[in-house]
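Structure at a glance
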Amino acid sequence: MVAIRRFPRVLQGREQASRGIRHIRRLSTLPTLSTPEVEDVVIGAGVVGTCTAYSLARQGRRVKVLDRGSGPAQGSSWINGTLICPSLMLPWTGPQLIPKLLKSFFHPRHPLKVHPSVLCSLDTYYFALHYLASCRPGHGARTTRRLANLARYSRHCLETLLLSHPELNGFMDRKAAGTLQVFDDQTAMQACLDASEEIQRAGVPLRIVREESGSDLADRLRQTGHEALYLYSPLDTNGDCAKFTHFLERQCQELGVRFRYDSVVQGFQDKNGLWEIALRGQPPVRARNVILCAGTGSPSLASLLGVRLPMAPVKGYAITVPLKSGIQQLSSNVVQDSSKLYLAPLGPDLVRITGFAEFAGFDASVDMDRAMILTEQADKLLPNCLDLSRAEYHTGLRPLSADDVPIIGKVQSNFFLNTGHGSKGWTHAAGSGQLVADLVTGRQPDLDPESYSLSRFFTLHQKDTPFDFQFGGADFMA
Ligand SMILES: Cc1cc2nc3c(=O)[nH]c(=O)nc-3n(C[C@H](O)[C@H](O)[C@H](O)COP(=O)(O)OP(=O)(O)OC[C@H]3O[C@@H](n4cnc5c(N)ncnc54)[C@H](O)[C@@H]3O)c2cc1C
C-alpha cells in the first residue's frame, strides 16, 4: 500500500455525502424558474465521466450520466495501457518533439505517425497551432508540474477509493507495484532524470536501480540478456480501466446516480438558467449543470456552444498477450523509453503492450504491420516469455489536448469541461473528477483550477457568436 501525504479532505466519505445533502436542501429552498429533473448531467460514461459522477454523488448531488454507448467505458477507456503512473508525467510537447514529428513522415517504424488524410482538415491546423505554441522552450517545466500535481492528487483519490473498496484491487486486476523504466545508455537515463525534476518535486519518487540493489524485475531482465540502466518509481501501479469504470458505475448507482445509455447528445439550450440537453430520437433532459466528459467527442459537442477545444484524437495500439506457461508474472510496469514501449502485468497471466501515437482522425483500424512492430519490441525485451500466437490486437483514440494537460473547468454559465486527458486519462481520472465536482458544487478545490482551465490557451478558442440551440451537423454522431 502506498502512503500518500496531504490532500486530507477527500477522505470524508459518507459524512461528506450527508453534508452535501443538507447543503442541497438549503439550495432547494431558493426560488427557481423551473425544476430540473436532476442537478447535474455528466456527458460521457468513460473513466473520466464516471469518476466525475462518483465525486458529485459523494457530495450528495442528483446526477444523471448520458452516453451514446450501450454501457460504461466503451470509448478510449475500454482497452488502454493500464498504467497509473505519476512517474510518467512528461508531456507529449516540447521543442525536442518537433524534429521527431518531422522524422516520423519518413520512417514507417517510427512510434509517431501523421496520416496524410488529417492534413485536409482545418481542425488539424487549429490543434497544430496550439500544439506548437505549447512546444515553445520554457513551457515544459510548467506543463510537467501541472501533470504531476494532478497525477499525485489522483493517485491519492484512487487510494482513498481503494481503502473503502479493497475488493476493487482484485476486481480491476491490479498487479503492478511501481514502474521500471529501461534505458539503453547513461545519457538517455540522465536526460529522463533531468526532465523529470518537476515530477520528483511533486513528490513522486524516482530511484536509480543499480546492479547491487536491483529490483526483482530488473534482475530478471538482466538474466534474459538485457543489459540496461533502470529507473524505478514505487508510487505507480496499474489496473484494468474498463473493469474499474464498471465497478464505479455500480457504486454510483448505489449513490443514486442514473445512467442512460444509447443516448446521443446532439444539442444544448439554455432555458431560464437551466440546460436542456437534446438527445437524438429521445426527449430532452433538463439539468442545472452540464459536465462534458465526452473524450474525443468533446470538441464537436463544445463547438455547439461556440467553444473551440484545441484537441485531437490520437490513435494508440493496445495488445493483450498471455504469458507462456510457467513464466512468472511481471511485478511492475516496464517502460522502454527509446521505443516508447509500455508493458504492464494484467491479472495473473496477461501482459498489456501499448505504444504508438498516430494522428489519423477518427480512424481506429488496426494496421497489423504497425502492431507487429510493438510485439517484436516487447518480445525482444522479454524473450521467450510472451505467447504472441494468442495476442489480441486493439486500438483506441486518446483525447489529446494541445498541451497534453486535461481541460477542466467552467466555460459558460453552469457548463463545465472535464476532457482532453490524452495518454494519461486513467492516471488522472479520479483527481480530475474530484476537481471538477468541487468546481460544480462550489467547494474549495485541492488543486489550483486555473492550471487546467481552457483559458490557459490563447484566446482563439472563443468564438463571439451568440449561443443558439443547434442540432446535428457534427461528425461525432457516426
Ligand atoms: C492505446 C491507449 C493506451 C492508453 N494507456 C493509458 C495508460 O496506460 N494510462 C493512462 O493513464 N491512460 C492511458 N490512456 C488514456 C486513457 O485511456 C484515456 O485518456 C481515457 O480513457 C479517457 O477517458 P474519457 O472518459 O475522457 O474518454 P472515453 O473513455 O472515450 O469516454 C468518453 C465517452 O463519451 C461518450 N460520448 C462521446 N460523444 C458523445 C455524445 N455525443 N453523446 C453521448 N455520449 C458521447 C463516448 O461514448 C464515451 O463513452 C491510453 C489510451 C489509449 C488509446
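Residues numbered from 1 in each chain as written. Predicted model: local features only at pLDDT ≥ 70, side-chain atom pairs only at ≥ 80, totals over all residues. Heavy atoms only, no water.

As recorded by an unreviewed UniProt entry, the protein carries the name DadA1 protein and is attributed to Symbiodinium pilosum. According to UniProt, the comment filed for the protein under the heading Sequence similarities (unreviewed entry) is "Belongs to the DadA oxidoreductase family." (UniProt positions renumbered as here; feature names shortened; annotations may be inferred.)

Re the overall build of the protein
Helices and strands together make up the secondary structure of the protein, namely 13 helices and 19 strands. The 478 residues of the protein split such that 58% are buried. For the protein, restricting intrachain contacts to residue pairs at least 6 apart in sequence, the fraction spanning at least 24 positions comes to 77%. Surface summary for the protein: the accessible area is close to 20,200 Å², and the carbon and sulfur share equals 54%. (Helix = DSSP H or I, 4+ residues; strand = E, 2+ residues; numbered from the N terminus. Buried < 20%, exposed > 50% of the residue type's maximum accessible area, 1.4 Å probe, protein only. Contact = heavy atoms within 4.5 Å. Areas by Shrake-Rupley, 256 points an atom, 1.4 Å probe, with all protein chains shown as cover.)

What to know about the nonpolar core
One finds Val42, Val47, Phe244, Val257 and Ile291 to be the most contacted residues of the largest nonpolar core, which totals 50 residues. Every element with two or more residues in this core is listed here: helix H2 (47-58), strand E2 (63-66), helix H5 (140-164), helix H10 (241-254) and helix H13 (425-441). Sort the elements by how many residues they give to this core and H5 lands first, with nine residues. Contacts of Val42, omitting those with residues within four sequence positions, involve Gly49, Thr52, Ala53, Leu56, Val63, Lys64, Val65, Leu66, Ile291 and Cys293. In terms of nonpolar packing, the next biggest core, distinct from the first, is built from 41 residues, Cys135, Phe268, Val285 and Leu301 among them. (Core = buried A, V, L, I, M, F, W, Y, C linked by side-chain atoms within 4.5 Å.)

Some details on the site of the ligand
Around the ligand there are 36 residues in total, and Asp67, Ser77, Leu83, Gly422 and Thr427 lie nearest to it. In the model, an oxygen atom of the ligand is placed 3.3 Å from a nitrogen or oxygen of the Val47 main chain. Interatomic distance of 2.7 Å between a backbone N/O atom of Thr427 and an oxygen atom of the ligand. Surface burial for the ligand is 97%, taken as the share of its 1,000 Å² of free accessible area covered by protein chains. Those elements giving two or more residues to the shell around the ligand turn out to be H2, strand E13 (311-322), strand E17 (392-401) and H13. (Near = heavy atom within 4 Å. Polar contact = N/O pair within 3.5 Å; in protein donor to acceptor, adjacent residues only side chain to side chain.)

A few points about the packing of aromatic side chains
Under the defined criterion, the tally for this structure stands at eight aromatic pairs. Consider the rings of Phe244 and Trp426, whose centres lie 4.9 Å apart with planes at 55°: the pair is tilted. One end of the pair, Phe244, is in helix H10; the other, Trp426, is in helix H13, and 182 residues separate them in sequence. For Trp426, a relative accessible area of 7% gives the class buried. An aromatic cluster of three or more residues is present, and its members are Phe127, Tyr131 and Phe359. The ring centre of Tyr126 lies 4.1 Å from the NZ or CZ of Arg308, which sits over that ring. Over the ring of Phe356 we find Arg370; its NZ or CZ atom is 4.1 Å from the centre of that ring. (Phe/Tyr/Trp six-rings, centres within 6.5 Å; stacked < 30°, edge-to-face > 60°. Lys NZ or Arg CZ within 6 Å of the ring centre and 35° of its normal.)

Overview of empty space enclosed by the protein
One water molecule sets the probe size; rolling that probe over the atoms shows where empty space is left. The full count for this structure, using the stated rule, is two cavities of 30 Å³ or more. Considering only enclosed or pocket space, the second largest cavity measures out at about 40 Å³ in volume. Looking at the lining of the second largest cavity, the elements that each hand over two or more residues are H5 and H13. For the lining of the second largest cavity, the per-class residue count stands at seven nonpolar, two polar and no charged. (1 Å grid on protein atoms, 1.4 Å probe; cavity = no way out; pocket = protein on both sides within 12 Å on 5 of 7 lines; lining within 4 Å. Points joined across faces, edges and corners; volume = space filled by probe spheres on them. Nonpolar A, V, L, I, M, F, W, Y, C, P; charged D, E, K, R; others polar.)

A closer look at the packing of H2 against H13
In contact at an axis separation of 8 Å, H2 and H13 are set at 40° when each is read in the N-to-C sense. Regarding the angle of H2 to H13, the classification is oblique. For the pair H2 and H13, the sense of crossing is right-handed. Residue-level inspection shows Val47, Val48, Cys51, Thr52, Ser55 and Leu56 of H2 in contact with H13, the latter providing Gly425, Trp426, Ala429, Ala430, Gly433, Gln434, Val436, Ala437, Val440 and Thr441. (Axes fitted to C-alpha atoms, helices over the stretch in contact; angles between N-to-C directions. Parallel < 35°, antiparallel > 145°, perpendicular 65-115°, else oblique. Left-handed = near helix turned anticlockwise from the far one by under 90°.)

Brief notes about the pairing of strand E15 (residues 341-346)
Burial analysis of E15 places five of its six residues in the buried class, which makes it a mostly covered element. Sheet topology places strand E14 (residues 333-336) next to E15; three bridges connect them, and they run antiparallel. Along E15, the bridge assignment pairs Gln336 with Leu341. Where E14 folds back on E15, the antiparallel hairpin that results is connected by four residues, among which Lys340 adopts a positive phi of roughly 50°. Pairing analysis gives six bridges linking E15 to strand E16 (residues 350-359), with the strands arranged antiparallel. Its bridge partner lying in E16, Pro345 is registered against Val351. (Pairing = 2+ DSSP bridges.)

Focus on H5
Working note: α-helix, 3.6 residues per turn, so residues spaced by three or four point in the same direction. The end-to-end C-alpha separation of H5 is 36 Å, in line with the 36 Å expected for 25 residues at 1.5 Å each. For H5, the buried fraction is high: 18 of the 25 residues fall into the buried class. (Expected span 1.5 Å × (residues − 1).)

Overview of the pattern of salt bridges
Where charged atoms from two side chains of opposite charge approach closely, those side chains can pair. Tallied over the full model, the rule gives 17 salt bridges. Residue Arg109 pairs with Glu376 through a salt bridge whose shortest N-O separation is 3.3 Å. Pair noted here: Arg109 is in the loop between helix H3 (97-104) and strand E4 (112-114) and Glu376 is in helix H12 (residues 368-381), with a separation of 267 residues, a long-range link. Beyond isolated ion pairs, a larger network of salt bridges with shared partners links Arg145, Glu197, Glu198 and Arg201. (Salt bridge = Lys/Arg side-chain N within 4 Å of Asp/Glu carboxyl O.)

What about H10?
Over its 14 residues, H10 runs 20 Å from end to end, which matches the ideal 20 Å to within 8%, given 1.5 Å per residue. Turning to H10, its buried residues are Cys241, Ala242, Phe244, Thr245, Phe247, Leu248, Glu249, Gln251 and Cys252. Packed against the buried residues of H10 are H2, H5, helix H6 (167-171), strand E9 (258-260) and H13. Its side-chain oxygen placed 3.0 Å from the backbone nitrogen of Ala242, Asp240 serves as the N-cap of H10. Two residues or fewer after H10 comes Gly256, characterised by a positive phi angle close to 100°.

Here we look at a nonpolar patch on the surface
Taken together, the side chains of Leu102, Phe105, Phe106, Leu119, Leu122 and Tyr125 make up a nonpolar region of the molecular surface, amounting to roughly 700 Å² of accessible area. Here Phe105 shows up in the loop between H3 and E4. (Patch = residues over 30% accessible without salt bridge, like charges linked within 9 Å, V, L, I, M, F, W, Y side chains within 5 Å.)

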